Amino acid sequence: MKEKQSVITPPHLQAERLAIASSCCGFTGEAVLTESAVIMVFAGMLGAGEALKLLTTAVFPFLSGILMLPLAYIALKLTCRKLTVWATLLAAGAYLGTVFTPWGGSCKVSLLLTLLVVFAVSLSGFVAGWFPLLDTFLLPERRTGFIGRMRFMHQLSAVTFLLLTGWWLGKEPTLPRLQMVIAIAGVIFIGRALFIWLLPKFNEERSKDLSWQQGIITAWRNQKLRRGAFFVGGLNLAIYGTTPLWIIYLQKNGQGDNVLVYISAAALSGMMLGYLIVGRLHISDHARALQILLRSLLVLSLILLVLPLKGAVAAAAVGMVLLLYNFCIALISVCATALMLNAATPGNKTMAMAFFGAVGNSGMGTSRVAAALLINFAPVNWLAGYLHTNIFLLLLGISTLLLLIMSLTGVFSTGASSKAVQQLNS
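The numbering scheme is per chain: residues are counted from 1 as the chain's sequence reads. Confidence filtering applies because this is a predicted model: local features only for residues at pLDDT of at least 70, side-chain atom pairs given and counted only at 80 or more, and all residues used for totals across whole chains, interfaces and linings. Water and hydrogen atoms play no part in the side-chain values, which are based on all heavy atoms of the structure.

1. Re the overall build of the protein chain
Here is the rule: Helix numbering and strand numbering both begin at the N terminus, where a helix is a DSSP run of H or I of at least 4 residues and a strand a DSSP run of E of at least 2. Under the scheme applied here, a residue whose accessible area is under 20% of the maximum for its type counts as buried, over 50% as exposed, and between as partly exposed, the area being computed with a 1.4 Å probe on protein chains only. Between two residues, a contact is recorded if the distance between any of their heavy atoms is within 4.5 Å. With residues, only the protein chains shown are counted as cover, and all accessible areas are computed by Shrake-Rupley using a 1.4 Å probe.
Of the regular secondary structure elements, the protein chain holds 18 helices and zero strands. Here the protein chain, with 426 residues, has 56% of them falling under the buried criterion. Sequence separation of at least 24 residues holds for 87% of the intrachain contacts in the protein chain that already meet a minimum separation of 6. A total of about 18400 Å² of accessible surface is found on the protein chain, and carbon and sulfur atoms cover 68% of it.

As structure tokens, this is what we get:
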């Protein structure tokens, strides 16, 4: 029986290659529009303030947290292939529409935010159908290895694109150059739908799924899944705003726009290195590993609070610390994925994954929306002194405090088994 499971057919291998290509195209596009300094610099040139610039990076995770469960129900009714393809094409239309927002007159900032909302809603539909689609062709014994390769490759493609973008934009990028970057990234993003459409067709087994209401109730009653989901949500609440906050903070202290793009690439590089190395760590104690990683994030957060702000050395130091910061986040995400895979109730995986993703993305979106609101309504300078304390450092201090609280609570004492983590890392 075990020997039979190890047999993989050419259509399965083709599907894996096309899925990785799809992920590289999609993630590279997403990184430009939702994770990098490109969109914040672009929004600033349109006249958006610091709060709105930060809000542009919060739209997707915030709406995804709200919409993930309803869209998972649509995934149960439609084929995952159709849902992911049409959601991607709609998102691509909104993506390319952002290129033309500078000609929107007095409404250009509002138009940009509207298109980002459409992009976020559409992208949430893609996420709801993507992992169930992967389950149609991934053999159980190849799943974890494939996901590791896929994440590494799409991180590598995004980092490469951002590094080339930072070099080409220069220290003071012009608006036409930023538009060209977004347009190129939007065309690359369309490749996600193309490669999904080219996937060989496999049967989508949805008959065992519970109804939408029963699925949510079952997911909620799963204590291990629920605890893990709220841990990830709390962690995202604490850390997800760190990189964009530092990008805006360094911009206010005179760093060039191309330097900010390099720092975004450094943060993504940390994630990429984390996914590459995690399989070689052979984590045996899951709970202890999470506590070590959380405390590592806490130490890195304290370092960020005392770093100097001006000059090339300061920018390089921040970039290096953010690289290590995101490296730890990647390792934690592997542990969280192990929990989700191990804890999901058989026959309810679609809703279980949607529940887990909804809570996690809610933490991401809330982190950035709350930061944007505080920046908008709070005084810019609260205290003066060596640390140049202002609202940005206050928010980073709150993030550090949340990490301290989480590192002391031991939330994962009944989390995923170390066996599941070892299986994910194999």
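2. Focus on the pattern of salt bridges
Our working definition: Criterion for a salt bridge: a side-chain nitrogen of Lys or Arg within 4 Å of a carboxyl oxygen of Asp or Glu.
Enumeration according to the criterion identifies two salt bridges in this entry. As a salt-bridge pair, arginine 149 and glutamate 16 come within 3.4 Å of each other at their nearest N and O atoms. Highlighted residues: arginine 149 in helix H8 (residues 143-169) and glutamate 16 in helix H2 (residues 10-35), separated in sequence by 133 residues. A relative accessible area of 39% means that arginine 149 is categorised as partly exposed. Residue glutamate 30 pairs with arginine 192 through a salt bridge whose shortest N-O separation is 2.6 Å. Taken together, the residues span a long stretch of sequence, with glutamate 30 in helix H2 and arginine 192 in helix H9 (residues 175-197) at a distance of 162 residues. Like glutamate 30, the residue arginine 192 is buried in the burial classification.

3. Here's the deal with the side chain of serine 23
Mapped onto the secondary structure, serine 23 falls in helix H2. With residues up to four places along the chain from it excluded, the contact list for serine 23 reads Trp130, Met150 and His154.

4. Description of the nonpolar core
Threshold: Put simply, a nonpolar core is a bunch of buried Ala, Val, Leu, Ile, Met, Phe, Trp, Tyr and Cys residues held in one set by side-chain atoms that sit within 4.5 Å of each other.
Formed by 116 residues in total, the largest nonpolar core has its most connected members in Leu235, Leu297 and Leu403. By residue number, the principal contributor to this core is helix H15 (residues 312-343), which donates 14 residues.

5. Some remarks on the packing of helix H7 (residues 108-135) against H9
Basically, it comes down to this: Think of each axis as a best-fit line through the C-alpha atoms, taken over the contacting stretch in the case of a helix, with angles from 0 to 180 degrees between the N-to-C directions. By definition, any crossing whose near helix is turned counterclockwise from its far helix by less than a right angle is left-handed, and any crossing with a clockwise turn is right-handed. Residue polarity is assigned by list, with Asp, Glu, Lys and Arg as charged and Ala, Val, Leu, Ile, Met, Phe, Trp, Tyr, Cys and Pro as nonpolar; anything else, Gly included, falls into the polar class.
Where H7 contacts H9, the axes come no closer than 13 Å and their chain directions differ by 35°. Regarding H7 and H9, the two cross each other, and that crossing is left-handed. Along the contact surface, H7 presents Phe119, Leu123, Phe126, Trp130 and Leu133, while H9 presents Phe189, Arg192 and Ile196. Split by residue class, the contact of H7 with H9 holds seven nonpolar, no polar and one charged.

6. A word on the confidence of the model for the protein chain
To be explicit about the condition: In predicted models, pLDDT denotes the confidence assigned by the predictor to each residue on a 0 to 100 scale.
Per-residue confidence for the protein chain averages 76 on the pLDDT scale, and 75% of its residues sit at or above 70. The secondary-structure element of the protein chain with the lowest mean pLDDT is helix H18 (residues 418-425), recorded at 40, while H9 shows the highest, at 93. Below a pLDDT of 50 lies the segment residues 379-389, which in the model reaches 17 contacts outside its immediate sequence neighbourhood of four places, other chains included. Under a pLDDT of 50 for its full length, residues 412-426 has, in the predicted model, 38 contacts with residues more than four places off or in other chains.

7. Observations concerning helix H3 (residues 37-45)
Each full turn of the α-helix corresponds to 3.6 residues, which orients residues three or four apart in the same direction. Within H3, seven of the nine residues are buried, leaving the element largely enclosed by the surrounding structure. Within H3, the full set of buried residues consists of Ala37, Val38, Ile39, Met40, Val41, Phe42 and Ala43. At the C-terminal side of H3, glycine 47 shows a positive phi close to 110°.

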